Amino acid sequence: YQRRVREAVVSTQSTGEKAMLEETFKKDDNHLIIPMSTFTKEGVSEVQNTACDALLAHRIEQKMSGNKVDNIVNRLHVAQPKDGTRAPHIPEAVLAKRAGIKPVEVRKLEREMELELGDDYILDLKKHYDLPNPDDKYDDIPEIWEGHNIADFVDPDILKKLEDLEKEEAMLEEAGVYASDEEDLTEEQMEIREKAGLIRKEKAVIRHKHRLNKHRNRTPVSDRVIMKKQGIKRARSLSRVDPDTAMEIDAKMQTKKSKPGRDISGLRDAKQVKEVKRLKKRSQIKMNQFGRAGEADRHISAKLPKHLFSGKRGAGKTERR
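The written sequence of each chain sets the order in which its residues are numbered from 1. Per-residue local features of the predicted model are confined to residues with pLDDT of at least 70, and side-chain atom pairs are confined, for both listing and counting, to 80 or more; whole-chain, interface and lining totals are unaffected and use all residues. For side-chain calculations, the full set of non-hydrogen atoms in the structure is used, while hydrogens and water are omitted.

Trainee: Just to check I follow, could you spell out the overall build of the chain for this structure?
Mentor: Helix and strand assignments follow DSSP, with helices taken as H or I runs no shorter than four residues and strands as E runs no shorter than two, numbered in order from the N terminus. Helices and strands together make up the secondary structure of the chain, namely 12 helices and two strands. Helices and strands in the chain line up, N terminus first, as α-α-α-α-α-α-β-β-α-α-α-α-α-α. Going through the 321 residues of the chain one by one, you find that 6% of them count as buried. The contacts of the chain with a sequence gap of at least 6 include a subset with a gap of at least 24, amounting to 20%. Under the convention used here, a 1.4 Å probe and the Shrake-Rupley method define accessible areas, while residue burial counts only the protein chains that appear. Surface exposure of the chain reaches about 31,500 Å², of which carbon and sulfur atoms provide 54%. Only protein chains enter the area calculation, which uses a 1.4 Å probe; residues under 20% of their type maximum are buried, those over 50% are exposed, and those in between are partly exposed. Throughout, a contact is declared for two residues whenever any of their heavy atoms are within 4.5 Å.

Trainee: What's the story with a positive patch on the surface in this structure? I'm lost.
Mentor: On the surface, Arg200, Lys203, Arg207, Arg211 and Lys214 cluster together into a patch of positive charge. In this fold, Arg200 is placed in helix H8 (residues 187-213). On the basis of relative accessibility, which here comes to 57%, the residue Arg200 falls in the exposed class. Within the patch definition used here, like charges are joined within 9 Å and nonpolar side chains (Val, Leu, Ile, Met, Phe, Trp, Tyr) within 5 Å, considering only residues with over 30% relative accessible area and no salt bridge. Any carboxyl oxygen of Asp or Glu that lies within 4 Å of a side-chain nitrogen of Lys or Arg is treated as forming a salt bridge with it. Residues scored as positive are Lys and Arg, those scored as negative are Asp and Glu, and His as well as the terminal groups of each chain are ignored. Taken as the charge centre is NZ of Lys, CZ of Arg, CG of Asp or CD of Glu, depending on the residue.

Trainee: What should I look at first to understand the side chain of Glu110 in this one?
Mentor: Looking at where Glu110 falls in the secondary structure, it is placed in helix H6 (residues 110-117). As used in this structure description, the phrase polar contact means that two N or O atoms lie within 3.5 Å; if the pair is within protein, one of them must be able to donate a hydrogen and the other to accept it, and residues adjacent in sequence are counted only when both atoms belong to side chains. At 3.2 Å, the side chain of Glu110 and the side chain of His128 are in polar contact. Each residue touching Glu110, except ones within four places of it in the same chain, is listed here: Tyr121, Leu123, Lys127 and His128.

Trainee: Sorry, what's going on with a negative patch on the surface here?
Mentor: Side chains of Asp135, Asp136, Asp139, Asp140 and Glu143 sit close together on the surface and give a patch of like negative charge. Tracing the backbone shows Asp140 in the loop between H6 and strand S1 (144-145). Since its relative accessible area comes to 81%, Asp140 is described here as exposed.

Trainee: Is there a simple way to think about unusual backbone geometry in this case?
Mentor: Across the chain, the bulk of peptide bonds are trans and the bulk of non-glycine residues have phi less than zero. The phi torsion at Lys41 lies on the positive side, around 65 degrees, for a residue other than glycine. As for its placement among the helices and strands, Lys41 is situated in the loop between helix H2 (15-27) and helix H3 (44-64).

Trainee: Help me out: how do you make sense of the pattern of salt bridges in this one?
Mentor: Charged atoms that come close allow side chains of opposite charge to pair. Following the criterion strictly, the structure yields seven salt bridges and no others. Its salt-bridge partner being Lys195, residue Glu191 comes within 3.6 Å of it at the nearest N-O pair. Highlighted residues: Glu191 and Lys195, both in helix H8, separated by four residues, approximately one helical turn. Judged by relative accessible area, Glu191 falls into the partly exposed class, the value being 44%.

Trainee: What's the story with the side chain of Lys137 in this structure? I'm lost.
Mentor: Relative to the helices and strands, Lys137 resides in the loop between H6 and S1. Of the buried charged residues, Lys137 lacks a salt bridge, with Asp130 as the closest side chain of opposite charge at 7.3 Å. Separated by 3.1 Å, the side chain of Lys137 and the backbone oxygen of Lys127 make a polar contact. Among residues more than four places away in sequence, those in contact with Lys137 are Lys126, Lys127, Tyr129 and Leu131.

Trainee: Looking at this model, I keep getting lost on helix H5 (residues 92-99). Mind explaining?
Mentor: The α-helix advances 3.6 residues per turn, and as a result positions three or four apart in sequence lie on the same side. Of all eight residues in H5, zero are buried, a share of ten percent or less. Gly100 sits one or two positions beyond H5 and adopts a positive phi of about 90 degrees.

Trainee: Honestly, a nonpolar patch on the surface in this entry has me stumped. Any pointers?
Mentor: Together, Leu56, Ile60, Met64 and Val73 make up an exposed nonpolar region whose accessible area comes to about 380 Å². Here the element with the most residues in the nonpolar patch is H3; it accounts for three residues. Residue Met64 is classed as exposed on the basis of its relative accessible area, which comes to 52%.

Structural data, given as structure tokens:
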């Protein structure tokens, strides 16, 4: 700031006064004269940079003159190269390019080749195979296929071995090795076979009963419809029908019985029915306590509805809250 004031004073004085001031400032080495103008802004940035550099140098000088600097300087070490020169590192590729040497060509990607050729492009993966003999790339039977060596699966004597194996099988069949007669079965095996037959018969009976009960849930057919299907017109009794047809109709009429209700179906006697009803009533107690409509009722009602228990009540609101 003092230098700016001095420069302003110098600019307003005459030539003789300026010369005298310059001689005064030159006698003292600590003073620096820099021309500047606050009107045209000429030399302002130069004065700022010079002042900042001088201030920074002054602060560094003060710190270096203190006692604490010795402890810090002992810890610092600036590494210097042995030969004293630190030339910039330039990669070899850059030097080769500057020298005019042709760089190594970059292999084209398959995608780039596809874009260049368009519809004429054909994907060829065998051209990248690294084989000792390049002519083996396009062999019909490669040496390695899906990570397996083809030679491991090739046997020149395979047909001869197959023929020997067939002869051996024929001799075993003639000798009766594979024959299984029932006489050779033990008593335990015979018992198992008999039980298996009984199980098959039981399954057949169950299957037959299931087929008979399959149509029980359908609408019952009246006797008149049955007789109409048999071709009998206005039959008043079964006496006019032939005996075989009468027996069939009688059997169908007997099968028409009222089915038991679903609440008692599968129960043995009245005692079991009573016990089931008691358990049903007992399981309903907890549901009735919560007022549920059923097992699937998950509704959670609000104890304090928001629209009825929030805000201030004004005139005429008491009747509905």
